[in-house]
Amino acid sequence: MSKTVIGTDIKEAASILQKGGLVAVPTETVYGLAANATDPKAVTGIFEAKQRPSFDPLIVHTDSLEKVRSFTKSIPESALKLANQFWPGPLTLILEKKDLIPDIVSSGLPTIGVRMPDHPLTRELLSILDFPIAAPSANPFGYISPTNAEHVKAQLDDKVDYILDGGECKVGIESTIVSFENDVPVILRLGGLSIDDIEKVVGKVKIQPHSSSNPKAPGMLKSHYAPRKKFYLGDIDSLLEKFPGDNIGVLTFTKKNINRPHHYILSPEGDTNEAAANLFSFMRKLDNSPIEAIIAEKVPEVGLGKAINDRLSRAAADT
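Residues numbered from 1 in each chain as written. Predicted model: local features only at pLDDT ≥ 70, side-chain atom pairs only at ≥ 80, totals over all residues. Heavy atoms only, no water.

Asker: Quick question: what am I supposed to make of the sheet that holds strand β3 (residues 32-36) here?
Answerer: Spatially, the 11 strands line up as an open sheet ordered β1-β8-β2-β3-β7-β4-β6-β5-β9-β10-β11, and their pairing is mixed. Only two strands of the sheet have a single partner each, and these edge strands are β1 (5-7) and β11 (206-207). Pairing of strand β10 (residues 184-189) with β11, which is carried by two bridges, proceeds in the parallel orientation. If you follow V186 over to β11, its bridge partner there is K206. In this fold helix α2 (residues 40-50) packs onto β3 and β7 (133-134), with an angle of close to 155 degrees to the strand it touches most, β3. (Pairing = 2+ DSSP bridges. Helix = DSSP H or I, 4+ residues; strand = E, 2+ residues; numbered from the N terminus. Contact = heavy atoms within 4.5 Å. Axes fitted to C-alpha atoms, helices over the stretch in contact; angles between N-to-C directions.)

Asker: Before we go on, may I ask you to explain the packing of helix α4 (residues 77-86) against helix α8 (residues 195-202) in this structure?
Answerer: When two helices pack together, their arrangement is captured by the angle between the axes and the distance separating the axes. At a minimum axis distance of 9 Å, the contact between α4 and α8 shows a crossing angle of 120 degrees. In terms of orientation, α4 and α8 fall into the oblique class. Handedness of the crossing formed by α4 with α8: right-handed. For the pair formed by α4 and α8, the contact residues are S78, K81, L82, Q85 and F86 on the first element and D197, I198, V201 and V202 on the second. (Parallel < 35°, antiparallel > 145°, perpendicular 65-115°, else oblique. Left-handed = near helix turned anticlockwise from the far one by under 90°.)

Asker: Would you take a moment to explain the pairing of strand β13 (residues 248-252) for this structure?
Answerer: Consecutive side chains along a regular strand alternate between the two faces of the sheet. The element β13 is extensively covered by neighbouring structure, given that five of its five residues are classed as buried. Alternating positions in β13 separate into two faces, I248, V250 and T252 on one and G249 and L251 on the other, with burial throughout. Pairing of β13 with strand β15 (residues 293-296), which is carried by four bridges, proceeds in the parallel orientation. Paired with G249 across the bridge in β15 is I294. Relative to strand β14 (residues 263-265), β13 is paired through three bridges, and the arrangement is parallel. Each bridged residue has a counterpart across the sheet, and for V250 the counterpart in β14 is H263. (Buried < 20%, exposed > 50% of the residue type's maximum accessible area, 1.4 Å probe, protein only.)

Asker: Whenever I open this one, the layout of surface pockets confuses me. Can you help?
Answerer: Over the atoms rolls a probe the size of a water molecule, and its path tells where empty space is left. What the largest pocket holds in volume is close to 250 Å³. Lining the largest pocket are 12 residues, and of these I94, L95, T111, S179 and F180 sit closest to its centre. Counting residues per element, the ones that place at least two in the lining of the largest pocket are β5 (91-96) and β9 (176-181). Its residues assigned to classes, the lining of the largest pocket shows six nonpolar, three polar and three charged. (1 Å grid on protein atoms, 1.4 Å probe; cavity = no way out; pocket = protein on both sides within 12 Å on 5 of 7 lines; lining within 4 Å. Points joined across faces, edges and corners; volume = space filled by probe spheres on them. Nonpolar A, V, L, I, M, F, W, Y, C, P; charged D, E, K, R; others polar.)

Asker: Any chance you could explain the sheet that holds β15 here in plain terms?
Answerer: Sheets are built from strands paired through backbone hydrogen bonds, the pairs being either parallel or antiparallel. What the four strands build is an open sheet, ordered β12-β15-β13-β14; its pairing is parallel. If you trace the sheet from one side to the other, it starts and ends with β12 (230-233) and β14, each paired once. Within this sheet the neighbouring strands show an average axis-to-axis angle of 15 degrees, counted without direction. This element, helix α10 (residues 272-287), spans β12, β13, β14 and β15 of the sheet and lies at about 170 degrees to β13. Against the sheet, helix α11 (residues 305-315) touches β12, β13 and β15, its axis set at about 130 degrees to β12.

Asker: When you look at the nonpolar core in this model, what are you seeing that I'm missing?
Answerer: Within soluble globular proteins, side chains that are nonpolar generally end up buried alongside one another. Ranked by size, the top nonpolar core spans 74 residues in total, and within it L82, W87, L93, L251 and L279 carry the most contacts. The leading source of residues in this core is α10, at seven residues. Those residues in contact with W87 that sit more than four places away from it in its chain are L65, V68, L82, L93, V114, R115 and M116. Listed in part, the 17 residues of the second largest apolar core include A14, A34, L121 and L126. (Core = buried A, V, L, I, M, F, W, Y, C linked by side-chain atoms within 4.5 Å.)

Asker: Sorry if this is basic, but what is going on with the UniProt feature "binding site: L-threonine" (unreviewed entry) in the chain here?
Answerer: Mapped onto this structure's residue numbering, the UniProt feature "binding site: L-threonine" (unreviewed entry) falls at T29, H61, R115, A135 and S175. Despite a sequence span of 147 residues, these residues sit close together in the fold, their greatest C-alpha distance being 12.7 Å. If you trace the backbone, R115 turns up in strand β6 (residues 111-115). Looking at R115, its side chain comes within polar contact range of the side chain of T27, at 3.1 Å. Along the chain, the position of S175 falls in the loop between β8 (162-164) and β9. (UniProt positions renumbered as here; feature names shortened; annotations may be inferred. Polar contact = N/O pair within 3.5 Å; in protein donor to acceptor, adjacent residues only side chain to side chain.)

Asker: Help me understand the pairing of β5, please; the structure alone is not making it clear to me.
Answerer: The element β5 is largely enclosed, with a buried count of five among its six residues. The pairing of β5 with β9 spans three bridges and is parallel. Within β9, the residue paired with T92 across the bridge is I177.

Asker: Explain unusual backbone geometry here, please?
Answerer: In most cases, non-glycine residues show a negative phi, while peptide bonds are predominantly trans. For the bond running from W87 to P88, omega is -5 degrees, close enough to zero to count as cis. Non-glycine residue S107 carries a positive phi angle of around 55 degrees. In this fold, S107 is placed in the loop between α5 (103-106) and β6. For S107, a relative accessible area of 24% translates into the label partly exposed. Phi at N182 takes a positive value of approximately 55 degrees, unusual for a residue other than glycine. Given the relative accessible area of 79%, N182 is considered exposed.

If you want it as structure tokens, here you go:
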């Protein structure tokens, strides 16, 4: 019987983090597995709990620009514009770190990903801590990211000391990660903040291809966010012909006229924000269904569509 508690006690969560423990925290994107980002031993616990390779860097979370400046060397002008516009929110900025942040957090890189999460419980928690937290998604490495407290308990359970319950995540996919080359923004990972919104603030941005065996930022591996069942991505009508049985799960954007018992529609009205919020939850439900494989289609590349398709493509990378 697991002793891991799900609750809303911020002081308890803070106490555990101060003692070097692990706490699952809610954000607007997905739930994170948090530890004191300045404590190498505590951070090691994240890698052990997730079975995450040490070459995959972590994101550091805090609640103010003043605190960001305490553990980073500088903030480029473009980064500051984005921070002022979108923090707190689903945006991670790659900044040069100070020695206060140990190398295990950055996987030996001179830079770290930094963001301010937009969730009242976690922001309150961060406000009473005198250190930032490192917090990748609270799931076994490479698996579907969790969007509620029960998801965390189901997959990490006794590997985490406390689960701070903040309800369902409103964005549902990870943050957009932006780095800077000579003050020019480069998107390293598509996510919960759209390219259009970013370009309205800083102008045209570069987009880096999204697969690497030695990533510069979290979530850049070719195969990631994957269910345990085989996952096929393509034209849904062709896939339905190829997999005719009722033992196949189906994930579509809006298509309703599919007579299969295990069929989830990301957004009946065709809203990519709704689709993003539902994506990981529906993938998880299909993965837990009595089926042999999952078939899915891409969504239109508007709004958060590109980020959703990025997650779908990497979930299907091994098939």
